[in-house]
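Structural characterization, general
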Amino acid sequence: MDDGDAFLAMRFDRHRERLGAVALRMLGSRREAEEALREARAAGLGGIDDWLTTVVARACVERLRARRDGYGRPADVARPERAEFAEGAGFADGTGLADGAGLADGVGLALLVVLESLAPDERLVFVLHDLFALPLPEVARLTGRTTSEAAGLARGARRHVRGVEGGGGGCGTEEAGVFTGRHRAVVERFLGAARAGDARGLSAALDPDVVAYSERGPVHGAPAVAEGVAAFARTGAVTLPALVDGSIGLVAFAGGRPVSAMALTLRQDRIVALDITTGPERVRDLDLAFPEG
């Protein structure tokens, strides 16, 4: 190994904790994640920070594709072990995850089981964008897709994850594609509070642990999300309740055309998640429907 390769190998190892965390969320197996890291390290050293994430993620996707049977389900793969997500469990060298990897350290075993049911490309985009907060245009570049394609994969994965997490019982998320009078009332109160800068009204509409997803990555918590919502309300001259890709939401218009959209996930009349799409070109790729009344 020459000096250049040695330097790049050192850089790879410096990022190993974060890369290992990405691989573990992608594959659900510490052994397979270690193997993916070794394959990525041997694939060639060049490019560095984003390149490292790309190579590890692609190695994981290839493993996911290789292990799936003809029915789209993982074949002969053991259920993720709780020990692999125990508090303080390190990666490879027994140390705790580094700060960068800690972004996703709270996903735990339950979410990992849900991730097993996603298609490889959906899982890749979800892990990079929603768990590790890479901006959507960067995720698109890393995965060789357009931003709109990456956004579609992220939305589909997110709906699936929420559907499984909220499935069953009265506290689950509201049914997609149904816009009742109660839904309209919640959405209009939410929009009115956003336009007025009414912190109390927004607090009543948002779950304390709400998450907002946009091209720039996820934002967590009601105070931070409320700031973004107020900005959304100012993007258009007219904002209307709508179904956005089958989910309850809002669409902002300027000059007679939609310029931004927000899909909402409600639970017990509070908003627990928002998917925000901005820009006429991106909004054009959404399925929008406007209920009467």
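Residues numbered from 1 in each chain as written. Predicted model: local features only at pLDDT ≥ 70, side-chain atom pairs only at ≥ 80, totals over all residues. Heavy atoms only, no water.

A few words on the overall build of the chain. Along its length, the chain carries 12 helices and seven strands. Residues classed as buried in the chain amount to 49% of the 293 residues present. Contacts in the chain between residues far apart in sequence, at least 24 positions, make up 64% of those at least 6 positions apart. Of the roughly 13,900 Å² of accessible surface on the chain, a fraction of 50% belongs to carbon and sulfur atoms. (Helix = DSSP H or I, 4+ residues; strand = E, 2+ residues; numbered from the N terminus. Buried < 20%, exposed > 50% of the residue type's maximum accessible area, 1.4 Å probe, protein only. Contact = heavy atoms within 4.5 Å. Areas by Shrake-Rupley, 256 points an atom, 1.4 Å probe, with all protein chains shown as cover.)

On to the packing of aromatic side chains. Counted according to the given criterion, the structure contains one aromatic pair. Both rings, one in F253 and one in F290, keep their centres 5.7 Å apart while their planes meet at 45 degrees; by these two values the pair is tilted. Of this pair, F253 sits in strand β4 (residues 247-254) while F290 sits in the segment after β7 (288-289), and the two are 37 residues apart along the sequence. Exposure remark for F253: the relative accessible area of 18% places this residue in the buried category. Residue class for F290 comes out partly exposed when judged on its relative accessible area of 38%. Between R158 and the ring centre of Y213, over which it is positioned, the NZ or CZ distance is 4.0 Å. (Phe/Tyr/Trp six-rings, centres within 6.5 Å; stacked < 30°, edge-to-face > 60°. Lys NZ or Arg CZ within 6 Å of the ring centre and 35° of its normal.)

What follows concerns the environment of L266. Looking at the element boundaries, L266 is found in strand β5 (residues 257-267). Linking L266 and A205, residues 61 residues apart in sequence, is a C-alpha distance of 9.5 Å.

By the secondary structure assignment, H129 is in helix α6 (residues 120-131). What makes H129 buried here is its relative accessible area of 1%.

Turning our attention to the pattern of salt bridges. Per the stated rule, a full pass over the model turns up 11 salt bridges. For D121, the salt bridge identified is with R145, shortest N-O distance 2.6 Å. One end of the pair, D121, is in helix α6; the other, R145, is in the loop between α7 (136-143) and α8 (147-165), with 24 residues separating them in the sequence. Judged by its relative accessible area of 30%, R145 is partly exposed. Three or more residues are tied together by salt bridges with common partners; here these are R31, E32, E35 and R63. (Salt bridge = Lys/Arg side-chain N within 4 Å of Asp/Glu carboxyl O.)

Turning next to the nonpolar core. In terms of nonpolar packing, the biggest core is built from 38 residues, with M26, V56, C60, L115, V127, L131 and F132 touching the most fellow members. Listing elements by their share of this core, those giving two or more residues are α2 (16-27), α3 (30-42), α4 (49-67), α5 (108-115), α6, α7 and α8. Contacts of L115, omitting those with residues within four sequence positions, involve R25, R123, F126, V127 and L131. Counting residues in hydrophobic clusters, the runner-up holds 28 residues, among them F190, A194, V229 and L266. (Core = buried A, V, L, I, M, F, W, Y, C linked by side-chain atoms within 4.5 Å.)

Another aspect to go through is the confidence of the model for the chain. On average, residues of the chain score 74 in pLDDT, and 72% of them are at 70 or above. Note that residues 70-107 has pLDDT below 50 and, in this model, 68 contacts with residues that lie over four places away or in other chains. Confidence drops under pLDDT 50 across residues 168-173; counting only partners more than four residues distant or on other chains, this segment forms 11 contacts. (pLDDT = per-residue confidence, 0-100.)

This next bit is on helix α11 (residues 222-233). For α11, spanning 12 residues, the distance from its first C-alpha to its last is 16 Å, which sits close to the expected 16 Å at 1.5 Å a residue. Looking at α11, one finds that the buried residues are A222, V225, A226, V229, A230, F232 and A233. Each buried residue of α11 lies within a common arc of 155 degrees when the element is viewed along its axis, so the set occupies one face. Residues of α11 that are exposed and angled more than 90 degrees away from the buried face: P223 and E227. (Expected span 1.5 Å × (residues − 1). Arc of directions from axis to C-beta.)

Within the chain, D245 stands out as a residue other than glycine whose phi angle is a positive 50 degrees. You can call D245 partly exposed: its relative accessible area is 22%. Although it is not a glycine, D269 adopts a positive phi angle of roughly 65 degrees. Looking at the secondary structure, you find D269 in the loop between β5 and β6 (270-278).

Looking now at the pairing of β6. Within β6, seven of the nine residues are buried, which leaves it mostly tucked inside the rest of the structure. Of the pairings in the sheet, the one linking β5 to β6 comprises eight bridges and is antiparallel in character. If you follow A263 over to β6, its bridge partner there is D275. The turn linking β5 back onto β6 is made up of two residues, and Q268 within it adopts a positive phi angle of 50 degrees. (Pairing = 2+ DSSP bridges.)

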